[in-house]
Structures are given as C-alpha cells and as structure tokens.
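Next come the chains, spelled out residue by residue.
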Amino acid sequence: MLTLRRHADWDGAMDEVWALYEASFPLHERRRREDQTQAMREPNFRCLSAWDGSVFAGLALCWAWPCGIYVEHLAVAPELRGRRYGARILAALKEEGRPLILEIDPPVDEISERRERFYLREGFLPNGFKHVHPSYRRACAPHPLKIMSWPEALSEETYADFLKRLRVEAMQYAEK
C-alpha cells in the first residue's frame, strides 16, 4: 500500500527526497536547499514522500491553494519507474477531491511526449494558456511549460489565480 508522508523539516527521510529531487529536475526547475527549507515552513506547502512499505518510492512537492493543488514537482525513484508509482501518487492526491494543476515540458521529444501521454492517461487535460515559468535560479532564464489540470481544464479566471499565486507565493522561495 502506498502512503504519503508530509515533511515540515529535514527529518531522516529528507535526504532521500532531496537526492531524488536533484536527480529528477534540471537546475532551472529546482530550488536551492535553503530556499526549499523556507518553502517547507509555509502552511500551504506540502513536501510529501511516497512509501511502499519501507521502500521510498517518490516525492510530490505541492501547494494547496483555493484554485486547487499545484503539483510543483513529482518524481518516482528511478529503479521503480514503470510500475505505476506516479499514477498511485496522483491517485492519492486526487482523493482530496480538489482540482490538480501541474506543468510539463512542451512535448517536443520522446521523453516529454511520454510524460504528456502519462498525464493524459491519468485524466489530466491540456490547457491552452501560453505559460512561462519563472526560473528558480538567478542565472537561469524563465522557460515555457504546458499547463495540465484534473479533473477539467482551467477557466481563465482560475488560471489567472494560479499564475498570481505561483509568482507571489511559490516563487518567493527562489534564488534572489
């Protein structure tokens, strides 16, 4: 049975979470550890580790906002990929009954196309907004991403609320 554990500080499991985070996302898509530590203190932020019994399976870093749950980062341990752990993490998040919002790289190569197909299979819908995510690092440029949401596409009003919260709340924990 997959369980999600919430972390508010750098407890023992967090070394595994941090290692997976660093290995799974490029530099411009991740925070520095000190910035992540600050974000973890926010009441709307959720640092979740996924466990299958005693086996660390993955992570989900999320923001719980009125517009929905923004899944900022989702990753599965490399040795467990292809075993539906990502789908199980998403299913656990869906159990809250709130909309889920996430960003993916535009589908331009085999990996990004496969990622998009995964989210489509999991019931996520593409949104047509032209979306550019600010960089988490000073030395890196903002980058275009594609918005996907569950269980339905976002209205313009909901997307505007999401974008405001992304820029004001989530990105306050980026390198200044």
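Thresholds applied
For every chain, the first residue of the written sequence is number 1, and numbering continues from 1 onward in sequence order. Note on the predicted model: pLDDT of at least 70 is required for a residue's local features to be given, and 80 or more for side-chain atom pairs to be given and counted; whole-chain, interface and lining totals, by contrast, use all residues. Values shown for side chains rest on all heavy atoms present in the structure; no hydrogens or waters enter the calculation. The helix and strand labels rest on DSSP assignments: H or I over at least four residues marks a helix, E over at least two residues marks a strand, and numbering proceeds from the N terminus. Based on C-alpha atoms, the radius of gyration is set beside the globule rule, defined as 2.2 Å times the residue count to the power 0.38. Only protein chains enter the calculation, and the probe is 1.4 Å; a residue is then buried if its accessible area is under 20% of its type maximum, exposed if over 50%, and partly exposed in between. The contact criterion used is simple: two residues touch if any of their non-hydrogen atoms lie within 4.5 Å. Per-residue accessibility takes into account occlusion by the displayed protein chains alone, with areas from the Shrake-Rupley method and a 1.4 Å probe. Strand pairing is defined by DSSP finding a minimum of two bridges between the two strands. When the strands point away from the viewer and the connection leading from the first strand across the helix to the second strand turns clockwise, the crossover is called right-handed.

**Student:** Mind showing me how you'd approach the overall build of the protein here?
**Tutor:** Scanning the protein for helices and strands turns up five helices and eight strands. Sequence-ordered secondary structure for the protein, helices as α and strands as β, is β-α-α-β-β-β-α-β-α-β-β-β-α. Against the 2.2 N^0.38 benchmark of 16 Å for 176 residues, the protein shows a C-alpha radius of gyration of 15 Å, consistent with a compact globule. Taken over the C-alpha atoms alone, the protein extends approximately 40 × 35 × 30 Å along its principal axes. Across the 176 residues of the protein, 49% fall into the buried class. Taking the intrachain contacts of the protein between residues at least 6 apart in sequence as the baseline, contacts between residues at least 24 apart amount to 66%. Put simply, the protein shows about 8800 Å² of open surface, and 52% of that area lies on carbon and sulfur atoms.

**Student:** I would appreciate a short explanation of the environment of R121 in the present structure.
**Tutor:** Tracing the chain through its elements places R121 in helix 4 (residues 110-121). The sequence separation of R121 and A13 amounts to 108 residues, and the corresponding C-alpha distance is 30 Å.

**Student:** Even after reading the chapter, I still don't get unusual backbone geometry, so can you show me in this structure?
**Tutor:** Among all residues save glycine, negative phi is the norm, and among peptide bonds the norm is trans. A cis amide bond links W150 with the next residue in sequence, P151, at an omega value of 5 degrees. Its location among the elements puts P151 in the loop between strand 8 (143-150) and helix 5 (156-168).

**Student:** Looking at this model, I keep getting lost on the pairing of strand 5 (residues 100-104). Mind explaining?
**Tutor:** If a strand is regular, its side chains alternate between the two faces of the sheet. For strand 5, the tally of buried residues reaches five of five residues, placing the bulk of the element in the interior. Burial along strand 5 is two-sided: L100, L102 and I104 and I101 and E103, pointing in opposite directions, are all buried. By the bridge criterion, three bridges tie strand 4 (residues 68-76) to strand 5 in an arrangement that is parallel. Within strand 5, the position partnered with Y70 by the bridge is I101. Crossover handedness for the path strand 4 to helix 3 (residues 85-94) to strand 5: right-handed. Sheet analysis places strand 5 next to strand 8, joined by five bridges and oriented antiparallel. Each bridged residue has a counterpart across the sheet, and for L102 the counterpart in strand 8 is M148.

That's the geometry; what it means functionally is another story.
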